[in-house]
Amino acid sequence: LINLAGVLGSDVPFLVSDYAMAMAWGRGDRLLRLDPLPSRDVQLFFPPYGIDTGEAYALLDESRAEATRRNPELTTEMFADWASTARNSVNDFEPVIRPRWPEIDTLLTRGAQFGLFYRMSGSGSTVFKVTGVTTRAIESKASLPALVVPPGTRSIITRTSTSVVPIELLD
């Protein structure tokens, strides 16, 4: 199932695994199980449009031809707790998506400006915020301005998972 899943997309092998959290390599077919982080509320923001995955990858490929990215080597320790996860998480699509889609940029700018854990999910367009997790020390949560959601953007609150319900195939 994992091999077939890798043909469908690099995130699919994780989605068919029974891991709540993992690091992946290759086409996502090499997975290392990690201990799940404690459950947290997550706010999901859905701009009024989707982003074509092929277009997002083309933009990413174009940007990589111009410059070589130097991300740190990822280690399991970088994802041992929420604070470390927030400091070390990256999404390579963000720099190429933000200039073209202002609603996404508005949300991610708020996170960066106030040290909040906002990230784009995959190639977009969904942006998430993990509640109560910061990327750096912040002076006071009381000094944060009210969240203004870009026009047309929907939002829901959900929670992260600490386990996966096994799939049972029925005849």
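The sections below set out a description of the structure shown in this document.

About the criteria used
Position labels on residues start from 1 in each chain and follow its written sequence. This being a predicted model, a pLDDT of at least 70 is required before a residue's local features are given, and a value of 80 or more before pairs of side-chain atoms are given or counted; all residues contribute to the totals for chains, interfaces and linings. With hydrogens and water stripped out, all remaining heavy atoms of the structure feed into the side-chain values. In this text, buried Ala, Val, Leu, Ile, Met, Phe, Trp, Tyr and Cys residues form a nonpolar core when linked through side-chain atoms within 4.5 Å. Using a 1.4 Å probe on the protein chains alone, a residue whose accessible area is under 20% of its type maximum counts as buried, one over 50% counts as exposed, and one in between counts as partly exposed. Helical segments are the DSSP runs of H or I of at least four residues, strand segments are the runs of E of at least two, and each set is numbered from the N terminus. Contacts are assigned to residue pairs with any non-hydrogen atoms lying within 4.5 Å of each other. Multiplying 1.5 Å by the helix residue count minus one yields the expected span of that helix. By arc we mean the arc of the directions from the helix axis to the C-beta atoms, nothing more.

1. As for the nonpolar core
- Membership of the largest hydrophobic core comes to 17 residues, with the highest contact counts inside it found for Ile 97, Ile 104, Tyr 118 and Val 127.
- With 4 residues, helix 6 (residues 102-114) is the largest single contributor of residues to this core.
- Ile 104 has contacts with Pro 47, Tyr 49, Ile 51, Ile 97, Met 120, Ser 125 and Val 127, leaving out every residue within four places of it along the chain.
- Formed by 13 residues, the second largest nonpolar core is a distinct cluster that contains Met 23, Trp 82, Ala 86 and Phe 117.

2. Considerations on helix 6
- Look at helix 6: 18 Å from first C-alpha to last across 13 residues, which is about the 18 Å you get at 1.5 Å a residue.
- Restricting attention to buried positions, one finds in helix 6 the residues Glu 103, Ile 104, Leu 107, Leu 108, Arg 110, Gly 111 and Phe 114. Taken around the axis of helix 6, the buried residues stretch over an arc of 150 degrees, which confines them to a single face.
- Structurally, helix 6 contributes buried residues whose contacts are with strand 3 (41-46), helix 5 (94-97), strand 4 (116-120) and strand 5 (127-134).
- Positioned one or two residues after helix 6, Gly 115 has a phi angle of 70 degrees, which is positive.

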